[in-house]
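Each chain is listed here by its residues.
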Amino acid sequence: MTQAQWIKRVVKPLAFVASLGPFAWLVRDIVTGNLGANPVERITHFTGLTALTFLMITLSITPARKLLGLSPLIQLRRMLGLYAFFYAVLHFTIYGLDRTLFEGTGLSLGSIIEDVSKRPYITVGFTAFLILCALAATSTNGMVKRLGGKRWQRLHQLVYVAAALGVLHFLWLVKADIRQPATYGLVLVGLLGARLVRERRRRATPSAALAPPVRSGVAVGSS
Amino acid sequence: MLIKRPPDIRSSEITDQSLYLNRRAFIRTTGAAVAAVTAEVVARPLMAAGQGLDDKPTPYQDVTTYNNFYEFGTDKSDPAKHAHTLKPRPWTLRVEGEVLKPKTWDIDEIVTKFPAEERVYRHRCVEAWSMVIPWGGFELGKFLKQAEPTSFAKYVEFTTLHDPKQMPGQRSGVLPWPYVEGLRLDEAMHPLAILVTQLYGRPVPNQNGAPIRLAVPWKYGFKSVKSIVRMRLVREEPNNTWQVVAPHEYGFYANVNPAVDHPRWSQKRERRIGELFKRPTLLFNGYGEQVASLYAGMDLRKYF
C-alpha cells in the first residue's frame, strides 16, 4: 500500500470513528444521567470546547503535511472540518434550546436576538457559527468545481476568522480564569504563524512563486 | 422582627435526610438503565415543569458537587474534588477593627455558644442558576454584637483563609487572594444574614465553605463568603474581590435583581438546579418584603 492508500484506507476510517468519540461520551453521559447538577450547561460547554478543538485539529493538517512530509494527510482535512461543524451544530442547538424552549416563556426568538445583538461574546460566537455553516455548505467536490478552485480557497480561508472568533467567544465568556481560552489562542497564533512563515519563504523563492498554488492552502499572489 | 425562615418554604417540603441519602441507591436498585434514562432525560424536567414555582430543597449531592469556590479551582466540580486538603480544625476567626471588644474566636467556641438553627434559603448565583439550601447557622448580627461595634463602624469586611497549601487554587493568580467580601453594617445586622456552620443538619462540608461561611440570601452567591478567618468592622466600603476583578460586572451590593442584567447575560430568569425550564428571578431573590427597606431611595441600577 502506498502512503496515500494507507491514509485513505486505514487512517481515515480510524479518524472518522475516533472523531465520534466525544459524541459517544456525551450520549453515554446523557443516558446514564452522568451530567452533574446542570446538564444543559455541561452539554453546552462540552460541545463548544469540542467544536473549537476540531477547528484547531483541522487547521493543523496543512502544517502537519509539510512538517511530516505527509501530503496525503489532506484527505483528512474536509472530514475533520465537518466534524468541527457537527459539534458546532450541537453547541448551537443546545444553546438555542436553552434560550427558547427552556426559557419557559413560550417559543420566542427574543432571547436569542437580544443575545446576538447585545452581548459581544454571543455576537462573535454566532458569526463564527454562520461562517462554519457557509463553509460546510460549500465543502462538496461539486461546490469546489462550481466556485472554481481559487475562489473556493479564498472563501475557505474564512476558517481562520471562524477559529479566531471562536477563541474570542470563549475568552469573553469566562469570568476570570482565562487559561483555557488563552491556550486555544496560542495554538491558533502558532498555526497562523506557521502559515505566514511558509508564505514568506515561498515568496522569497522565485521559482516557487511561479508555481501554481498547490491544493495545500492559501492561494499565493492570487489577488 | 425575627425571621426564622422564608414564609413560603415549609419544613414539610424538606426531603427527609435518610430519603435523600438513599436516593441514588433507590434509583440503582429499581433501575434498569431504561428507568434511569427516563428519570433523567424525560421525567425530571417534566416533573419540574409541572411543579410550578415551588422551592424544594436541592439534593445534597448537587449542593455539594456543583458550586464556585475558586480557592479549589475554577470549574464548578473542582471544589468537591479538591477541598479535602482544607483543615476546618483547628480554626480561628478574628473579629477586629471598629469594635470595643476585638477577639480571636475558636471555631468550637462559636459552635457551642451559637447553636445552629435551620434556615432553608434560596441561593441565586450571579451565573443565573439557583438552589434551595437547608443551611444551619445563626444570625450574623448576634455574633457581631458580641464585639460591640463602635459608632464609626459602617461596614463589615470578611476575609477567606489564604493558605495555598490548604487551598491549591490560590497557587494560580486567577483572583487576587485572599477573597474579600463586605456588607453594609445594617445589612450585616439584618436577621436574614446568617453565619453558616451546617448544611442539611451536618457540619458544612469543606467544598461549601467549612467551617464557617456567610449566607445572605437576597444577594448573589458570591457575597456569601466562605471559610472565613477574619471580620473587620470598618468605616469605608470594602473593595470586594469580584468588584476589584471586574468593576463593570460586579458591584458592592450585588442584590439579586432581574431588572439589572449582567453585561454578558440576562438576570431576568434563572435555572433552578434539577429543573430544565427556567423560572423568573425575583427582586431581592424573593426576600424583598424583609430587606427592601434597606435600600429605600437607592438607585439599584447604579448600586448594582
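Residues numbered from 1 in each chain as written. Chains lettered and ligands numbered in written order. Predicted model: local features only at pLDDT ≥ 70, side-chain atom pairs only at ≥ 80, totals over all residues. Heavy atoms only, no water.

What to know about the overall build of chain A
Then comes step 1: Along chain A, the regular secondary structure elements total 12 helices and zero strands.
Then comes step 2: Ordering the α and β elements of chain A from the N terminus gives α-α-α-α-α-α-α-α-α-α-α-α.
Then comes step 3: For chain A, buried positions account for 41% of its 223 residues.
Then comes step 4: Of the contacts formed within chain A by residues at least 6 apart in sequence, a portion of 62% connects residues at least 24 apart.
Then comes step 5: A total accessible area of about 12000 Å² is found for chain A, and carbon and sulfur atoms account for 69% of it. (Helix = DSSP H or I, 4+ residues; strand = E, 2+ residues; numbered from the N terminus. Buried < 20%, exposed > 50% of the residue type's maximum accessible area, 1.4 Å probe, protein only. Contact = heavy atoms within 4.5 Å. Areas by Shrake-Rupley, 256 points an atom, 1.4 Å probe, with all protein chains shown as cover.)

Side note on a nonpolar patch on the surface
All names here are of chain A.
Then comes step 1: A contiguous nonpolar patch, built from F16, V17 and L20 and spanning about 260 Å² of accessible area, is present on the exposed surface.
Then comes step 2: As for its position among the elements, L20 is in the loop between α1 (3-19) and α2 (21-31).
Then comes step 3: By relative accessible area, L20 is classed as partly exposed at 31%. (Patch = residues over 30% accessible without salt bridge, like charges linked within 9 Å, V, L, I, M, F, W, Y side chains within 5 Å. Salt bridge = Lys/Arg side-chain N within 4 Å of Asp/Glu carboxyl O.)

Considerations on the pairing of strand β2 (residues 103-106) of chain B
Residue and element names in this part refer to chain B.
Then comes step 1: Pairing analysis gives four bridges linking strand β1 (residues 92-97) to β2, with the strands arranged antiparallel. What sits directly across from T92, in β2, is D106.
Then comes step 2: In textbook terms, the turn of a hairpin is the stretch between consecutive antiparallel strands, and for β1 and β2 this stretch comprises five residues. (Pairing = 2+ DSSP bridges.)

What to know about the sheet that holds β2 of chain B
Residue and element names in this part refer to chain B.
Then comes step 1: Ordered in space as β2-β1-β10-β5-β6, the five strands form an open sheet in which the pairing is mixed. The two strands at the open ends of the sheet, each matched to only one other strand, are β2 and β6 (180-184). Sheet twist, expressed as the average angle between the axes of neighbouring strands with direction ignored, equals 20 degrees.
Then comes step 2: In terms of strand pairing, strand β5 (residues 155-160) meets strand β10 (residues 228-234) through six bridges, oriented antiparallel. When the sheet's bridge partners are listed, T159 is paired in β10 with R230. (Axes fitted to C-alpha atoms, helices over the stretch in contact; angles between N-to-C directions.)

Side note on the interface of chain B and chain A
Then comes step 1: Between chain B and chain A, the residue contacts involve 32 residues of the former and 25 residues of the latter.
Then comes step 2: Each partner contributes to the roughly 2400 Å² buried at the junction of chain B and chain A, and carbon and sulfur atoms together form 51% of this total.
Then comes step 3: The three residues of chain B that bury the most area against chain A are R264, R271 and K278 of chain B, which together make up 25% of that side's buried surface.
Then comes step 4: Counting across the interface, chain B meets chain A through nine salt bridges.
Then comes step 5: Of the charged contacts, one joins K175 of chain A and E127 of chain B as a salt bridge, the two residues approaching to 3.0 Å between their closest N and O atoms.
Then comes step 6: Between chain B and chain A we count 13 residue pairs in polar contact (both at pLDDT 80 or more) in total. (Buried area = accessible area lost by both parts, 1.4 Å probe. Polar contact = N/O pair within 3.5 Å; in protein donor to acceptor, adjacent residues only side chain to side chain.)

Looking at a positive patch on the surface
All names here are of chain A.
Then comes step 1: A grouping of K8, R9, K12 and R78 is seen on the molecular surface, where their side chains present a positively charged patch.
Then comes step 2: With three residues, α1 is the largest single contributor of residues to the positive patch.
Then comes step 3: Relative to the helices and strands, K8 resides in helix α1. (Lys, Arg positive; Asp, Glu negative; His and termini not counted. Charge placed at Lys NZ, Arg CZ, Asp CG, Glu CD.)

Looking at the pairing of β6 of chain B
When a strand is regular, its side chains alternate between the sheet's two faces.
Residues and elements named next belong to chain B.
Then comes step 1: Across the five residues that make up β6, a large majority, five, are buried.
Then comes step 2: Taking every second residue as pointing to the same face, both faces of β6 are buried, with V180, G182 and R184 on one and E181 and L183 on the other.
Then comes step 3: As paired strands, β5 and β6 are joined by five bridges and run antiparallel to one another. Of the residues in β6, the one forming a bridge with T159 is V180.

Observations regarding the environment of P205 of chain B
Residue and element names in this part refer to chain B.
Then comes step 1: Along the chain, the position of P205 falls in the loop between β8 (202-203) and β9 (213-215).
Then comes step 2: When its relative accessible area of 13% is taken as the criterion, P205 is described as buried.
Then comes step 3: Put simply, P205 and H84 are 121 residues apart on the chain and 9.2 Å apart in space, counted from C-alpha to C-alpha.
Then comes step 4: The contact partners of P205, leaving out residues within four places of it in the chain, are Y60, T64, L199 and A210.

Let's talk about the packing of α2 of chain A against helix α5 (residues 74-98) of chain A
Residue and element names in this part refer to chain A.
Then comes step 1: Remark: α2 packs on α5, axes separated minimally by 11 Å, with the N-to-C direction vectors making an angle of 30 degrees. Taken together, the axis directions place α2 and α5 in an arrangement best described as roughly parallel. Only F86, Y87 and L90 of α5 make contact with α2, whose side of the interface consists of G21, P22 and F23.
Then comes step 2: In the contact of α2 with α5, the residues fall into five nonpolar, one polar and no charged. (Parallel < 35°, antiparallel > 145°, perpendicular 65-115°, else oblique. Nonpolar A, V, L, I, M, F, W, Y, C, P; charged D, E, K, R; others polar.)

Digging into the pattern of salt bridges
Then comes step 1: Overall, the coordinates contain 40 salt bridges over all chains when judged by the stated rule.
Then comes step 2: The partner of D54 of chain B in a salt bridge is K56 of chain B, with the nearest N and O atoms 3.3 Å apart.
Then comes step 3: For K56 of chain B, a relative accessible area of 45% corresponds to the partly exposed category.
Then comes step 4: Here the salt bridges share partners, and the residues they tie into one network are D98, R99, E103, E114, D115, K118 and R119 of chain A together with D261, K268, R269, R271 and K278 of chain B.

Some thoughts on the side chain of D115 of chain A
Residue and element names in this part refer to chain A.
Then comes step 1: Tracing the backbone shows D115 in helix α6 (residues 110-118).
Then comes step 2: A polar contact of 2.8 Å, which involves the side chain of D115, links it to the side chain of R99.
Then comes step 3: Excluding residues within four positions of it along the chain, D115 makes contact with Y95, R99, I122 and T123.

Side note on the confidence of the model for chain A
Caution is warranted with low-pLDDT regions, since their predicted coordinates should not be read in detail.
Then comes step 1: Confidence in the prediction of chain A, expressed as mean pLDDT, is 90, and 92% of residues score 70 or more.
Then comes step 2: Note on residues 208-223 of chain A: pLDDT is under 50 here. Beyond four places in sequence and across chains, it has 30 contacts. (pLDDT = per-residue confidence, 0-100.)

A word on empty space enclosed by the protein
Residue and element names in this part refer to chain B.
Then comes step 1: All chains considered together, the criterion is met by two cavities of 30 Å³ or more.
Then comes step 2: The calculated volume of the largest cavity comes to roughly 330 Å³.
Then comes step 3: Lining of the largest cavity is provided by 26 residues; of these, N68, F69, G221, F222 and K226 occupy positions nearest its centre.
Then comes step 4: Per element, the largest residue contribution to the lining of the largest cavity is four residues, and it comes from strand β4 (residues 129-139).
Then comes step 5: Of the residues that constitute the lining of the largest cavity, the class distribution is 15 nonpolar, seven polar and four charged.
Then comes step 6: The volume enclosed by the second largest cavity comes to roughly 40 Å³.
Then comes step 7: Forming the boundary of the second largest cavity are Y121, R122, H123, W135, R213, A215, V216, P217 and S224.
Then comes step 8: Examining the composition of the lining of the second largest cavity, we find that three residues originate from one element, strand β3 (residues 117-124), more than from any other.
Then comes step 9: When grouped by side-chain class, the residues that make up the lining of the second largest cavity number five nonpolar, two polar and two charged. (1 Å grid on protein atoms, 1.4 Å probe; cavity = no way out; pocket = protein on both sides within 12 Å on 5 of 7 lines; lining within 4 Å. Points joined across faces, edges and corners; volume = space filled by probe spheres on them.)

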